[in-house]
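Each chain, written out:
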Amino acid sequence: MIRYFRFVFFVAAFVSLTPFRVCISQTKTYNDALRLEDEGKFAEATSMLSGLIGETSVSPADSEKILYEIERMRRIRIDYSLTADELYSQLERTVRDITRPEFDGWIRDGKFDARIINDTLRFVGTSRSNLFFRNPEIADRRLPLPDQRAFHTALLRDCISIEKAADSLGTPYVLPKDFNVTMNLTADSGAAVPGEIIRAWLPIPREFPFQVNYRLASCSSRPLNISSPGSTIRSLYMEQPADSTGGSDFKISYKYRTLGVHFNLDRNKILPYDTTDSVFKKFTSKSPNIIFTDKIKRLSTEIIGNETNPLMKARKIYDWVSGNIKYSFAREYSTISNISDYCLTKEYGDCGQEAMLFITLCRYNGIPARWQSGWFTFPNAKDIHDWTEIYLPPYGWVPVDPYMGIAATRYMNDLTEKERETIRDFYFGGLDQYRMSANSDNNQSLSPVKKFFRSDNVDFQRGELESKTGNIYFNKSDYDLSVEEVTLR
């Protein structure tokens, strides 16, 4: 469910082409630079692209695209932060009885996300953790073995309680919980010039049937904009001057309520879609990273077979994803041209990539599906998280969390098979109360729009920062969310 290292192409409002196509006389030079990048010659590629900036034949729009290609390569270098020796040093401390020849064999076998950058083989910074997620035979050698039984047992108990309450009360929204939340978004020292204004966008709870009563309690400076409760990407915007070190700390505190969700779905009650409806058209269409490739079409035929009921189609897709995709921390999304295809091809992904694959398969089969994201706030398991919703008449928008299906199927081995199935089944049509959802769609635009490239424009959970001179990227910022559950009378 955790997603480190993520961003997608964003120029002004939104750019979705990957790689960018430029209509300039130096197209050959541009394409040569991209070829050099593919060969791992990042310095040469960056130099070649930089030489195009300022050419009279290059339009301002194309210059912007070229600048982003330069920025994208910079971010890739940040993603691939480890040398082989550095990664092996990490593994020596966390894999029992590892040897260097064994490690070299893992590299040859492709067990790590690796690429050549400027003549050096480099590895994604989360390679150690991903090794355990993708290779259960190696996970057994992990030092120390993580003990998540308490979390898994508490999660199981919550799922059962929500389902029982929903069945008893005859409503899908039950067992409310109130939370007090404080979020800090920090620009590091040196991120800006001392005294210059830093702009900040912080995520806040969107209004949903399961998420209500948002109230702002305090703010480190006066909010200049708060998105509407129904915004597809809800943010609070403010500005503060950088301190004497060139950094700044933005802080908000708020309250909100969530309810557990469980729909008692019946295939015999599903109604036909109104295919002329604008919501149906929007959420069954292609969009950035949701592309109906030949691989998606072939897989869809394999999964769906002759099934015609939308509910059962979606359940078949959910079960396939749960049983065939492994979890893996993600690279930043802009290093991937098609997120759903990447997840399918690699057979692993983080919660957002798994969600994107599920959404793509649903939409291709005429089932409206959309992104939902923010935070998972379960005690001792808090982190940024993505999941999905599908539209099923007469029920409306129904939650589906593909990550939870995968986690229950593959990683909750301290529970019995029946208990894992209970959790897996719950998250097709159910949702725990430990959520803070700020988004109801992916690739949405902030308000006010950022002047510079977004750090992440697929999603919005960690917040966004920029100064007068440019975006403040994740390696120059930090974020934290503290959550206190309020005991209800």
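Caption draft 1: Layout of the layout of surface pockets. Empty space within the largest pocket amounts to approximately 1,000 Å³. As for the largest pocket, its lining consists of 31 residues, of which Phe-133, Arg-142, Pro-146, Gln-148 and Tyr-411 are closest to the centre. Among the secondary structure elements, those contributing two or more residues to the lining of the largest pocket are α6 (127–134), α7 (136–139), α8 (149–169), β10 (326–327) and α14 (402–410). With four residues, the top contributor of residues to the lining of the largest pocket is α14.

Caption draft 2: Geometry of empty space enclosed by the protein. In total, this model carries three cavities of 30 Å³ or more according to the counting rule given. Approximately 50 Å³ is the volume found for the largest cavity. Every residue along the wall of the largest cavity is listed here: Leu-185, Ser-455, Arg-462, Gly-463, Glu-464, Leu-465, Ile-472, Phe-474, Ser-477, Asp-478 and Tyr-479. Contributing elements (two or more residues each) for the lining of the largest cavity: β17 (464–466) and β18 (477–486). It is β18 that contributes the most residues to the lining of the largest cavity, three residues altogether. Each residue belonging to the lining of the largest cavity can be placed in one class, and the counts come to five nonpolar, three polar and three charged.

Caption draft 3: Here's a closer look at the packing of α14 against helix α15 (residues 417–426). As a packed pair, α14 and α15 sit with axes 8 Å apart at the nearest point and diverge in direction by 175°. The angle between α14 and α15 falls in the class roughly antiparallel. Between α14 and α15, the contacting residues are Gly-405, Ala-408 and Thr-409 on the first element and Arg-420, Ile-423 and Arg-424 on the second.

Caption draft 4: Geometry of the packing of helix α4 (residues 84–94) against α6. Running from amino to carboxyl end, α4 crosses α6 at an angle of 55°, the nearest separation of the two axes being 9 Å. In terms of orientation, α4 and α6 fall into the oblique class. Here Leu-87, Gln-90, Leu-91 and Thr-94 of α4 come into contact with α6, specifically with Ser-127, Arg-128, Leu-131 and Phe-132. Partitioning the contact of α4 with α6 into residue classes produces four nonpolar, three polar and one charged.

Caption draft 5: Here's a closer look at the nonpolar core. Counting 95 residues, the largest nonpolar core has Leu-155, Tyr-254, Leu-357 and Ile-390 as its most contacted members. The greatest single-element share of this core, amounting to eight residues, is contributed by α8. Within the second largest apolar cluster, 16 residues are counted, among which are Leu-34, Leu-36, Val-58 and Ile-76.

Caption draft 6: Looking closely at the sheet that holds strand β3 (residues 120–123). Across the sheet, which stays open at both edges, the three strands sit in the order β1-β3-β2 with antiparallel pairing between neighbours. Edge positions in the sheet fall to β1 (82–83) and β2 (114–117), since each has one partner strand and no second. Examined bridge by bridge, β2 and β3 share four bridges and lie antiparallel to one another. Considered in β3, the bridge of Ile-117 is made with Thr-120.

Caption draft 7: A look at α6. For α6, the tally of buried residues reaches six of eight residues, placing the bulk of the element in the interior. Looking at α6, one finds that the buried residues are Ser-127, Ser-129, Asn-130, Leu-131, Phe-132 and Arg-134. Buried positions along α6 lie against α4, α5 (100–108), β3, α7, β10 and β11 (348–349).

Caption draft 8: The arrangement of α4 in detail. For α4, the set of buried residues is Ala-84, Leu-87, Tyr-88, Gln-90, Leu-91 and Thr-94. For α4, the angular spread of buried residues about the axis comes to 160°, placing them on one side. Exposed residues lying more than 90 degrees from the buried face of α4 are Asp-85 and Arg-93. Among the structural elements, β1, α5, β3 and α6 are those in contact with the buried residues of α4.

Caption draft 9: Seen up close, the side chain of Ser-221. Tracing the backbone through its elements, the reader meets Ser-221 in the loop between β6 (211–219) and β7 (225–226). Assessed through its relative accessible area of 17%, Ser-221 is described here as buried. At 3.4 Å, the side chain of Ser-221 forms a polar contact with the backbone oxygen of Glu-239. In this structure the side chain of Ser-221 is engaged in a polar contact, spanning 3.3 Å, whose partner is the side chain of Gln-240. Not counting the four nearest positions on each side in its chain, Ser-221 is found in contact with Met-238, Glu-239 and Gln-240.

Caption draft 10: Main features of the sheet that holds strand β12 (residues 369–376). What the four strands build is an open sheet, ordered β14-β13-β12-β16; its pairing is antiparallel. In this open sheet, the two strands that pair with only one neighbour each are β14 (396–400) and β16 (435–439). Here the strands of the sheet are splayed against their neighbours by 40° on average, with no regard to which way each runs. Where β12 and strand β13 (residues 383–392) come together, eight bridges link them in antiparallel fashion. Residue Gly-374 lies in a different strand from β13, and its bridge partner there is His-385.

Caption draft 11: How the structure looks around the environment of Thr-422. With respect to the element layout, Thr-422 can be found in helix α15. Look at Thr-422 and you get partly exposed, because its relative accessible area is 27%. If sequence neighbours within four positions are ignored, Thr-422 has contacts with Leu-156 and Ile-160.

Caption draft 12: Here's a closer look at unusual backbone geometry. Following Leu-143, the chain continues into Pro-144 via a peptide bond in cis, with omega recorded as -10°. Tracing the sequence through the fold places Pro-144 in the loop between α7 and α8. The backbone of Asn-118 sits at a positive phi, close to 50°, despite the residue not being glycine. Of note, Asn-118 is situated in the loop between β2 and β3. Even without being a glycine, Asp-119 presents a positive backbone phi close to 70°. One can find Asp-119 in the loop between β2 and β3. By relative accessible area, Asp-119 is classed as exposed at 70%.

Calculation criteria
Residues numbered from 1 in each chain as written. Predicted model: local features only at pLDDT ≥ 70, side-chain atom pairs only at ≥ 80, totals over all residues. Heavy atoms only, no water. 1 Å grid on protein atoms, 1.4 Å probe; cavity = no way out; pocket = protein on both sides within 12 Å on 5 of 7 lines; lining within 4 Å. Points joined across faces, edges and corners; volume = space filled by probe spheres on them. Helix = DSSP H or I, 4+ residues; strand = E, 2+ residues; numbered from the N terminus. Nonpolar A, V, L, I, M, F, W, Y, C, P; charged D, E, K, R; others polar. Axes fitted to C-alpha atoms, helices over the stretch in contact; angles between N-to-C directions. Parallel < 35°, antiparallel > 145°, perpendicular 65-115°, else oblique. Contact = heavy atoms within 4.5 Å. Core = buried A, V, L, I, M, F, W, Y, C linked by side-chain atoms within 4.5 Å. Buried < 20%, exposed > 50% of the residue type's maximum accessible area, 1.4 Å probe, protein only. Pairing = 2+ DSSP bridges. Arc of directions from axis to C-beta. Polar contact = N/O pair within 3.5 Å; in protein donor to acceptor, adjacent residues only side chain to side chain.

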